Amino acid sequence: MVLKETGSPAGDGCVFAGGARYNKTGDVLKTKYGTKVYKLALSSGATCPNRDGTCGTGGCIFCSSSGSGDFAQDGGGSITAAIDRAAASLSASKLKGFEKPLFIPYFQDFSATYAPLETQRAKFTEAINHPLAAELYVATRPDCLPDDVVDLLAELSRVKPVTVELGLQTCDDAVASFLNRGYPSRMFPEAVAKLKAAGLNTVGHMIAGLPCPPSYGPSDDGFPLRLESRDSILATADFITSSGADGIKIHLLHVLENTALAGMYKKGLFRTLSLEEYAGLVCDIIDILPEETVVHRITGDAPKSILISPLWSGDKKIVLNFIAREMARRGTVQGRLRSEKQ
Ligand code: SF4
């Protein structure tokens, strides 16, 4: 869904609903449901085939012990209770005039479609049937979508919309292999096609600032491992949108305690991005996205207790404000440079 308004206060042409320079998921949802819609991260109870030996062990080198779901709640055993608690915790000031919020139960940690089918059915059904649930989001890997799982998600999508988020991180298979991602990039568009054929929405997750394998040579600033180039990062954004995915999630590489990546970082093998570099890359990505692609995130959170680097990412508000200023300075608007890319 593209929501556009013509003429920004800055007088620099077309902007998206709410005055945004990109097609923000929050604005899309607010317009669709007429109220504030919050994503509520929940624990799936699943593990990951890249950890249990099915396709790998140890997991992706950046993945924390919580399976990249550091804010996911276990719901105290009850999804209903978790949604009720979240609704009760919202103050009137947060709701800004809206009487009743809605929620998107978001099964975020590990590979949410890798649990036994009946576990998935129980959790996802309880979540989607909650009266305050607007939609259902499930995060997983392209290699965790057997037919019975896709059939279950398709069945649930007849109750309310269902979105499946797929972790790609990069479309460069050599970098992905170095990350120990455990599946070839070609599986991503195959999974998107399968999900879309079943009537499900899809989102691709990418990370900027990934280190490359030693075969790519040292960095120009003296580190043994270079970071993925701007061109390679833009190629990943293009790969996600070209696959037909409805949305994109842009994330910064965080180095977290007790990960393989942390060991490499502490040995001085690579550096992390500066705020200026990251903001520039986000602008470059937004500029080339198709207008209709929904942007679900332009940065990520990491618990400060386990965040090693970059420490500037610990304050999300500062990061988002910095990116907004950089977008305004550059005149960034989603799709602005799309034609140059084609
Ligand atoms: S696929 Fe996801 S849960 Fe599994 S190791 Fe990688 S980041 Fe962690």
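Bear in mind the structure is a predicted one, so any value in this text is a computation, not a measurement.

Cut-offs and rules
Residues numbered from 1 in each chain as written. Predicted model: local features only at pLDDT ≥ 70, side-chain atom pairs only at ≥ 80, totals over all residues. Helix = DSSP H or I, 4+ residues; strand = E, 2+ residues; numbered from the N terminus. Buried ≥ 20, exposed ≤ 12 C-beta atoms within 10 Å, placed from the backbone. Contact = placed C-beta atoms within 7 Å. Pairing = 2+ DSSP bridges. Axes fitted to C-alpha atoms, helices over the stretch in contact; angles between N-to-C directions. Parallel < 35°, antiparallel > 145°, perpendicular 65-115°, else oblique. Left-handed = near helix turned anticlockwise from the far one by under 90°. Nonpolar A, V, L, I, M, F, W, Y, C, P; charged D, E, K, R; others polar. Arc of directions from axis to C-beta. Expected span 1.5 Å × (residues − 1). Core = buried A, V, L, I, M, F, W, Y, C linked by C-beta atoms within 7 Å. pLDDT = per-residue confidence, 0-100.

A.B. asks: Residue-level account of the overall build of the protein, with values.
C.D. replies: The number of helices and strands found in the protein is 12 helices and 11 strands. For the C-alpha atoms alone, the extent of the protein along its principal axes is close to 55 × 55 × 40 Å. A burial count over the protein gives 46% of its 342 residues as buried. Put simply, of all contacts in the protein between residues at least 6 apart along the chain, 78% involve residues at least 24 apart.

A.B. asks: Could you give an account of the sheet that holds strand E7 (residues 201-208), naming the residues involved and the relevant values?
C.D. replies: Strands sit in the order E3-E4-E5-E6-E7-E8-E10 across an open sheet of 7 strands; the sheet is parallel. Each edge of the open sheet is held by one strand with a lone partner, namely strand E3 (37-42) and strand E10 (294-297). On average, adjacent strands in this sheet sit at an angle of 25 degrees to one another, irrespective of strand direction. Taken together, the 6 bridges between strand E6 (residues 162-169) and E7 define a ladder with parallel strand orientation. Looking at the pairing, Gln 169 lines up with Met 206 of E7. Along the sheet, helix H2 (residues 79-89) contacts E3 and strand E4 (102-107); its crossing angle with E3, the most-contacted strand, is approximately 135 degrees. Across the sheet, helix H4 (residues 117-128) lies against E3, E4 and strand E5 (136-140), angled at about 150 degrees from E5, the strand it touches most.

A.B. asks: Can you explain the packing of H4 against helix H5 (residues 147-157)? Please cite residues and give values.
C.D. replies: Their axes nearest at 11 Å, the elements H4 and H5 cross at an angle of 15 degrees. The pairing of H4 with H5 is recorded here as roughly parallel in orientation. Two packed elements cross with a definite hand, and for H4 against H5 that hand is right-handed. Note on element contacts: H5 touches H4 through Asp 148, Val 149, Leu 152 and Leu 156, opposite Leu 117, Gln 120, Arg 121, Phe 124, Thr 125 and Ile 128. The residue makeup of the contact of H4 with H5, split by class, is 6 nonpolar, 2 polar and 2 charged.

A.B. asks: Can you tell me about the environment of Gly 97, naming the residues and giving the values?
C.D. replies: With respect to the helices and strands, Gly 97 occurs in the loop between helix H3 (92-95) and E4. Residue Gly 97 is classed as exposed on the basis of its 8 C-beta neighbours within 10 Å. Note: C-alpha distance between Gly 97 and Leu 281 (184 residues apart in sequence) is 35 Å.

A.B. asks: Let's hear about unusual backbone geometry: which residues, and what values?
C.D. replies: Most of the time, phi is negative for any residue but glycine, and the peptide bond is trans. A cis amide bond links Ser 309 with the next residue in sequence, Pro 310, at an omega value of -5 degrees. With respect to the helices and strands, the residue Pro 310 is situated in the loop between strand E11 (307-309) and helix H11 (316-330). One non-glycine residue, Gln 169, lies in the positive phi region at around 75 degrees. Within the element layout of this structure, Gln 169 appears in strand E6. When the 23 C-beta atoms within 10 Å are taken as the criterion, Gln 169 is described as buried.

A.B. asks: Break down helix H7 (residues 187-197) for me, citing the residues and quoting the values.
C.D. replies: Here H7 has its buried residues at Phe 188, Pro 189, Ala 191, Val 192 and Leu 195. Mapping the buried residues of H7 onto a view down its axis gives an arc of 160 degrees, with all of them on the same face. For H7, the secondary structure elements touched by its buried residues are H5, E6 and E7. Residue Gly 199 follows H7 closely and has a positive phi angle near 85 degrees.

A.B. asks: Lay out helix H10 (residues 275-288) with the relevant residues and their values.
C.D. replies: In this model, H10 (14 residues) spans 20 Å end to end at C-alpha, consistent with the 20 Å of a helix rising 1.5 Å per residue. Inspection of H10 places Tyr 278, Ala 279, Leu 281, Val 282, Cys 283, Ile 285, Ile 286 and Asp 287 among the buried residues, and these make up the whole buried set.

A.B. asks: How would you explain the nonpolar core if you had to name every residue and give the values?
C.D. replies: Generally speaking, soluble globular proteins have nonpolar side chains that are buried together. Ranked by internal contacts, the top residues of the largest apolar core, which has 90 residues, are Leu 40, Leu 42, Leu 136, Val 138, Ala 208, Ile 248 and Val 282. For Val 138, the residues in contact, after removing those within four places along its chain, are Phe 107, Ala 112, Thr 113, Leu 153, Val 164 and Glu 165.

A.B. asks: Requested: an account of the environment of Glu 165, with residues and values cited.
C.D. replies: Residue position: Glu 165 is located in strand E6. Considered as a pair, Glu 165 and Ser 305 are 140 residues apart in the sequence and their alpha carbons are 26 Å apart. Not counting residues up to four positions away in its chain, the partners in contact with Glu 165 are Tyr 137, Val 138, Ala 139, Val 203, His 205 and Lys 249.

A.B. asks: Account for the confidence of the model for the protein, naming residues and giving values.
C.D. replies: Per-chain confidence: the protein averages 91 in pLDDT, with 91% of residues scoring 70 or above. Within the model, the stretch residues 6-11 combines pLDDT values under 50 with 6 contacts to residues more than four positions away or in other chains.

A.B. asks: Quick rundown of the packing of H10 against H11? Include the residues and the values.
C.D. replies: The geometry of H10 relative to H11 is characterised by a closest axis approach of 9 Å and an angle of 55 degrees between their N-to-C directions. Classified by the angle their axes make, H10 and H11 are oblique. Every pair of crossing elements has a handedness; the one defined by H10 and H11 is right-handed. Contacts between H10 and H11 involve Leu 275, Ala 279, Gly 280, Val 282 and Cys 283 from the first element and Val 319, Phe 322, Ile 323, Glu 326, Met 327 and Arg 330 from the second. Each residue belonging to the contact of H10 with H11 can be placed in one class, and the counts come to 8 nonpolar, 1 polar and 2 charged.

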